[in-house]
Amino acid sequence: MTALFISDLHLDKDRPQIIAYFKNLIDNLDPNVESLYILGDFVEFWVGDDDPADGLTDVFDSIKKKSKEHSIFFMHGNRDFMITKDFCKKSGMILLDDPTIIKLGDKKILLMHGDTLCTDDHEYQKFRTMVRSPSWQSEMLKKSLDERISLAKMYRAKSLSETNAKNEIIMDVNQQEVINTIKKYNVDMIIHGHTHRPNIHKINIADKVYKRVVLGDWYDKSFVLNITDDKLIIDKGHII
Ligand SMILES: [Mn+2]
């Protein structure tokens, strides 16, 4: 039995090679793959379900088609939290809460997008609380599509310039928060994306070793975590 985990594809019409690469992957999913987990930032931004999703129609069609043979799960990231449960359903994806616990074999795994672990970035956490509130979202949806698209572009540019200015450490996960999260949910492993710092970290807590697997982004290379039985296999492919 195989489960695949991906995140941070940031699909966008300006990078058609990544869209094509992902479409090819989904169209040719191995029949042994029982579930595919997309852990957020699947698309570059999403301003509401009336988003024109330029260049992505084929991808959502492929997902819909493949959802008959595989379970395809989606969790919100900080770019695509406006994708609704209805849209997921229509596209053949099952929307997961952040975080969600799954069981693979005898292992309990916590799935997250990863941004909630970055607790040192107070400014971002404040912004996150604001944009995740139903009142902010309903105000946002009252604006015209064009207005929302330009706002999304503005937020993206702002976040990019802040990212460049912020200390590297602030942008990564907080170690104590990782330990607290493992303890709180009583899991063996955390899988998340968001930080674009792919790695498998080992964390020792009271003589037991836990794992934190960080998924990579899809800018130059694809990044797929394959868990088959108890084995973790990282599969990277050159997109360009
Ligand atoms: Mn993210």
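Being a predicted model, the structure only gives us computed values, none of them experimental.

Thresholds applied
Residues numbered from 1 in each chain as written. Predicted model: local features only at pLDDT ≥ 70, side-chain atom pairs only at ≥ 80, totals over all residues. Helix = DSSP H or I, 4+ residues; strand = E, 2+ residues; numbered from the N terminus. Rg over C-alpha atoms; globule rule 2.2 N^0.38 Å. Buried ≥ 20, exposed ≤ 12 C-beta atoms within 10 Å, placed from the backbone. Contact = placed C-beta atoms within 7 Å. Pairing = 2+ DSSP bridges. Axes fitted to C-alpha atoms, helices over the stretch in contact; angles between N-to-C directions. Core = buried A, V, L, I, M, F, W, Y, C linked by C-beta atoms within 7 Å. Right-handed = clockwise from strand over helix to strand, strands pointing away. Parallel < 35°, antiparallel > 145°, perpendicular 65-115°, else oblique. Left-handed = near helix turned anticlockwise from the far one by under 90°. Nonpolar A, V, L, I, M, F, W, Y, C, P; charged D, E, K, R; others polar.

**Overview of the overall build of the protein chain**
Here is step 1 of the chain: When helices and strands are tallied, the protein chain shows 7 helices and 11 strands.
Here is step 2 of the chain: Compactness check: the protein chain gives a C-alpha radius of gyration of 18 Å against a globular reference of 18 Å for 240 residues, within 12% of the reference.
Here is step 3 of the chain: Dimensions along the principal axes, computed over C-alpha positions, put the protein chain at roughly 55 × 40 × 35 Å.
Here is step 4 of the chain: Out of the 240 residues belonging to the protein chain, those deemed buried represent 29%.
Here is step 5 of the chain: Pairs at least 24 apart in sequence give 69% of the contacts found in the protein chain among residues at least 6 apart.

**Points about the sheet that holds strand β8 (residues 199-205)**
Here is step 1 of the chain: On the basis of which strands lie adjacent, the open sheet formed by 5 strands has the order β5-β6-β7-β9-β8 and mixed pairing. For this open sheet the edge positions go to β5 (100-104) and β8, each flanked by a neighbour on one side alone. Strand-to-strand, the axes of this sheet are offset by a mean angle of 25 degrees, without reference to chain direction.
Here is step 2 of the chain: As paired elements, β8 and strand β9 (residues 208-214) share 7 bridges and run antiparallel to each other.

**Concerning the environment of K90**
Here is step 1 of the chain: Looking at where K90 falls in the secondary structure, it is placed in helix α3 (residues 85-90).
Here is step 2 of the chain: With 30 residues separating them in the primary sequence, K90 and F60 have C-alpha atoms 9.3 Å apart.

**Some details on the nonpolar core**
Here is step 1 of the chain: Counting residues in hydrophobic clusters, the biggest one holds 45 residues, and the most contacted among them are F5, L11, Y37, I38, F73 and L111.
Here is step 2 of the chain: Put simply, the parts of the chain that give this core at least two residues each are β1 (2-6), α1 (16-27), β2 (33-38), α2 (57-66), β3 (71-75), β6 (107-111), β7 (189-192) and β10 (221-228).
Here is step 3 of the chain: If we skip the residues at most four places from it in the chain, F73 touches S35, L36, Y37, I38, M93, I94 and L96.

**Quick word on the environment of A53**
Here is step 1 of the chain: Inspection of the secondary structure assignment puts A53 in the loop between β2 and α2.
Here is step 2 of the chain: Residues A53 and L11, 42 residues apart in the sequence, show an inter-C-alpha distance of 9.5 Å.

**A word on the pairing of β3**
Here is step 1 of the chain: Most of β3 is tucked away, with 4 of its 5 residues classed as buried.
Here is step 2 of the chain: The pairing of β2 with β3 spans 4 bridges and is classified as parallel. For S35, the partnering residue across the bridge sits in β3 and is S71.
Here is step 3 of the chain: Assessed by its sense of winding, the connection that carries the chain from β2 through α2 to β3 is right-handed.
Here is step 4 of the chain: As defined by bridge partners, β3 adjoins strand β4 (residues 94-96) across 3 bridges and the pair is classed as parallel.

**Notes on the environment of F74**
Here is step 1 of the chain: Checked against the element boundaries, F74 lands in strand β3.
Here is step 2 of the chain: Note: C-alpha distance between F74 and I94 (20 residues apart in sequence) is 5.9 Å.

**Some words on the packing of α1 against α2**
Here is step 1 of the chain: Packing of α1 against α2 leaves a shortest axis separation of 9 Å and a crossing angle of 15 degrees. The pairing of α1 with α2 is recorded here as roughly parallel in orientation. Where α1 crosses over α2, the two elements pack in a sense that is left-handed. Listed contacts from α2 to I19, F22, K23, I26 and D27 of α1 are D58, V59, S62, I63 and K66.
Here is step 2 of the chain: Partitioning the contact of α1 with α2 into residue classes produces 5 nonpolar, 1 polar and 4 charged.

**Some points on the sheet that holds strand β11 (residues 231-238)**
Here is step 1 of the chain: Judged by pairing direction, the sheet is mixed, and its 6 strands sit side by side in the order β4-β3-β2-β1-β10-β11 without closing on themselves. Strands at the two margins of the open sheet, each flanked by one partner only, are β4 and β11. Each adjacent strand pair in this sheet contributes to an overall mean axis angle of 25 degrees, direction not counted.
Here is step 2 of the chain: Note: β1 against β10, 4 bridges, orientation antiparallel.

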